[in-house]
Each structure stands twice: as structure tokens, then as C-alpha cells.
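Fold and geometry: a report
The lines below spell out each chain.
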Amino acid sequence: MSKAVLMQGNEAAVEGAIAAGMRVFAGYPITPSTEIAEQSALRLPQVGGHFIQMEDEISSIAAVLGASAAGVKAMTATSGPGFSLMQENLGYGAMAEIPCVVVDVQRSGPSTGLPTSPAQGDYMQARWGTHGDHPVIALSPSSVLETYTLIIRAFNLSEKYRTPVIFLMDEIVGHMREGVELPKPNTLRINQRKMSFHDGANKQCYFVPEGEYVPAMKPFGRGERYNITGLAHDESGFPTNNTQVAGKLVSRLLAKVEDNVDDIVRIEEYAMEDAETAIVCFGGTARAAMEAVLAAREAGKKVGLFRPITVWPFPEKQLRSRLPQLKHILMVEHNHGQMLLEVQRAAGGSVPVSFLGKVDGTVISPAEILAKLQEMEV
């Protein structure tokens, strides 16, 4: 029998992470993600794991990368200001191919902004926050139950593709409490990282067989030693100035996500079969958008919901497949138009794209969405 509980989104993130095998959490408290650190401090010792509060967010992500390199599934959690501080080491994790999960419970900004108010202003930062061309996978839940199941998927993708995965929550979902039935542990699919063992000084720790994208990871914490660096490196892990080797490396890092979007990308659609207007949204904003769709349908309007669950890579193929039937797209998000840019790019001018956003720390209501639809003459 499934376990029924009353749970907060932030608590669900911890419980799902533990179910996925997370045994190290290193972090620094910041509203509205602090409950994730508190719950990790309580729960990890109960399952043989370790919690450590670091002096800041820079050291937090560094500790998480170190724990993962030692063979332990690891996670940290933060909000906008802390997420900004983590960007350099996120790039390091991408280049060194160290799996981990970074939870960003978004709040209103910029700077320290409105710490307890909802926002979705870190969407573009999740993709472009660190410098250089780098792979990014980012997922965004819209409910407490989905937070639990989706963070398991975040760990699975991180281990499969050897890359940091950003779990892009928002204050709406993080602080919301819902009654949920957690799935049975034996029904969960949990990925373990692919390991390799090589003797000798030149271990070829980044060797990738022809036709594959991801090197097997050596168990650093079991006595294996090899070089890890954020510099461009060869298959032995040591820095190189060979531009051909560096180009091949970065191209592979990008390709392991770009060439596997069908495996990585997930969306939710509601009432899209005959929809002539699509409301596009993500994360907690979907709560109001769903109510608006239901009300519009009751009024006889052909409105549907298109929600990216994988927000990076953006599900452009799935959205483009709906364009021939659409007369309107309404992008709804708690920012000044960040995912809007991706929707406009995917639409390519074939369908008019309208926008409804907020940057004042208040929640977009179903009534506001319905009013915008009326303004669009839907």
C-alpha cells in the first residue's frame, strides 16, 4: 500500500533525494529553501548519510562535488543569491563530469529581493549562469508529489549523463503542503553510476568508447586515484593545450545532452488534443494555469495547457508539433519573460505569442490568466 502523508514541497525534495540514494547534503541556509537543509540534517543520519552546513554557497557546491567524486550521491539546495555564487563550480562539475543535484527554490529578485515571495527569475540563469558552452539539464516540478518523483529522476539523469542537474523549484511549490501518496520503494527506478576499474598510472579515466557519450566513473573513494580538473583535459584527466583534444571534449559534453533530448525531455499536456490556444507555463505557475484552462473549457473555449517538465533542454520539438493546430500561445511565468524567449524562438512567428508575467512577488491568479485570454480575444 502506498504511504499517504501531508508533506511540504521542500520536505518532498529531501525524501525523494534520499529514496534516489542521496547520502551527502552540503549547504547553507537561505529562504525559501532552508527547510531542505533542516530536513536533510534530520533525515540523513537516520539512513547512514551525512549533513554538513558549510560557510557559504561556494563551499557548499564544492563539498557536494567532492563527495560525488568520492562515489556518494550528493545534493545541495539554495535560492537565487546562492545559486549565483555556485555558478563557477557548476561549470567545474560540467567540465569534470561530476554528477550531483542542485536544488534552486526560486524567490523574488534581483539581489536579495523579496526573500519569501514567489518568482521564476532564475530560468535563464539555470541555462547560461556559468561561462562557456556547457551541458545543462534542468527540471521543474509543479506539485509536492511531483517534487518527490522528479527529484529521483534528477538524480537518475545526473548519474546517467555524469553532469550536474538543476532542480528548478519555486517558492510556490517549495512551501506548499499537500496530501500525497508516496510510491512504494520497490516501484522506484534508481540509476547507479557506471563504474570502471583500471590499474596503472595512466588510468584513462575519461575514455569514452566509440559511439558512446559518457565515460564510466572511477570509484575515487575506493582507492582509485586520478586527476580531476576544470581545465580542458585528455582521457587521462590531465590538462592539455591541444585544441583538437579540447574541442573534441567540449563537443562531447554538449552532445551527450543534445543528442539524447528524447530521453531527457518530459512535458505535461492537458486538453491539447483540440486546443486552439495553448497556455505555456512551468513549475508552480501551472497551478493557476490549470484552473484557468478548466474555466475556459467550461466557457466553451478551446484552451489547453503545455507544461515543460524538463525546462532545459527546452522541449521545442514537442511544442512545434502543436503549432499547426494553434491560433494563439499565452506564456505565463513569474518573471519578465524568460521562457517566453524560448517559446517565441520555437514558434518562429507562425503563431502569435502573448505574455503574462509578474515581478512584484505576488502570485498570478486564474482570474488574471482568464482576463488575459479575453484580452487576446480567445
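Structure first, text after, so check above.
Description of the structure in this document. (Residues numbered from 1 in each chain as written. Predicted model: local features only at pLDDT ≥ 70, side-chain atom pairs only at ≥ 80, totals over all residues. Heavy atoms only, no water.)

1. Overview of helix α13 (residues 339-347)
To be explicit about the condition: Only protein chains enter the accessibility calculation, which uses a 1.4 Å probe. A residue is then buried if its area is under 20% of the maximum for its type, exposed if over 50%, and partly exposed in between. Per the convention used, a helix needs a DSSP run of H or I reaching at least four residues, while a strand needs a run of E reaching at least two, with both numbered from the N terminus. The arc in question is formed by the directions pointing from the helix axis toward the C-beta atoms.
Buried within α13 we find M339, L340, E342, V343, A346 and A347. Buried residues in α13, looked at end-on, bunch into an arc of 160°, giving them a common side. G348 occupies a position one or two residues after α13 and carries a positive phi of about 60°.

2. Quick look at the sheet that holds strand β10 (residues 267-270)
Where we set the bar: Paired strands are those between which DSSP finds at least two bridges. Helix axes are fitted only over the stretch in contact, all axes being lines through C-alpha atoms; the angle between N-to-C directions runs from 0 to 180 degrees. We call two residues in contact when some of their heavy atoms are within 4.5 Å.
Here five strands make up an open sheet; going across it, the order is β10-β12-β11-β14-β15 and the pairing mixed. The open sheet is flanked by β10 and β15 (353-357), the only strands paired with a single partner. The average undirected angle you get between the axes of adjacent strands in this sheet is 20°. Running over the sheet, helix α11 (residues 285-298) touches β10, β11 (277-280), β12 (303-308) and β14 (328-333) and is turned about 160° from β12.

3. Some words on the pairing of strand β3 (residues 50-53)
The criterion, for reference: Orient the strands so they point away from the viewer, and a crossover whose first-strand-to-second-strand path over the helix runs clockwise is right-handed.
Where strand β2 (residues 24-27) meets β3, four bridges bridge the pair, whose relative direction is parallel. Pairing of G27 across the sheet is with Q53, part of β3. In this region the chain leaves β2, passes through helix α2 (residues 34-43) and returns to the parallel neighbour β3; the handedness of that crossover is right-handed.

4. Section: empty space enclosed by the protein
So the rule is basically this: Within this scheme a cavity is a closed region of a 1 Å grid, computed over the protein atoms alone, that accommodates a 1.4 Å probe without allowing it to escape, whereas a pocket is open but has protein on both sides within 12 Å along at least five of seven lines; lining residues each have an atom within 4 Å of a point. Grid points are joined across faces, edges and corners, and a volume is the space filled by probe spheres set on the points. Each residue receives one of three labels: charged for Asp, Glu, Lys and Arg, nonpolar for Ala, Val, Leu, Ile, Met, Phe, Trp, Tyr, Cys and Pro, and polar for the others, Gly being one of them.
Within this structure, the stated rule accounts for one cavity of 30 Å³ or more. There is about 100 Å³ of room inside the largest cavity. L90, H134, P135, V136 and I166 are the residues nearest the centre of the largest cavity, which is lined by 14 residues in total. Breaking the lining of the largest cavity down by element, the ones donating at least two residues are α5 (87-96), α6 (123-128) and β8 (164-170). When the residues that make up the lining of the largest cavity are grouped by side-chain class, the tally is eight nonpolar, six polar and no charged.

5. A closer look at the packing of aromatic side chains
To describe a pair of aromatic rings, you give the distance between the ring centres and the angle between the ring planes. To be explicit about the condition: What counts as a ring pair is set by centres within 6.5 Å for rings of Phe, Tyr and Trp (its six-membered ring), and what kind of pair is set by the plane angle: stacked under 30 degrees, edge-to-face over 60, tilted for all other angles. A positively charged side chain is recorded as over a ring if its NZ (Lys) or CZ (Arg) lies within 6 Å of the ring centre. The angle to the ring normal must also be within 35 degrees.
Going through the model one piece at a time under the given rule, you end up with four aromatic pairs. Ring geometry for F25 versus F51: centroids 5.8 Å apart, planes at 10°, classification stacked. Pair noted here: F25 is in strand β2 and F51 is in strand β3, with a separation of 26 residues, a long-range link. The class of F25 is buried, set by a relative accessible area of 0%. Taking the relative accessible area as the measure of exposure, F51 reaches 28% and is therefore partly exposed. Aromatic pair Y123 and F282: ring centres 5.4 Å apart, planes at 40°, arrangement tilted. Note that Y123 is positioned in helix α6 and F282 in the loop between β11 and α11, a separation of 159 residues in sequence. As far as the burial class goes, Y123 and F282 line up, both buried. What links up through ring pairs into an aromatic cluster is the set Y123, F282 and W312. Above the plane of the ring of W128 lies R127, whose end atom (NZ or CZ) is 4.0 Å from the centre.

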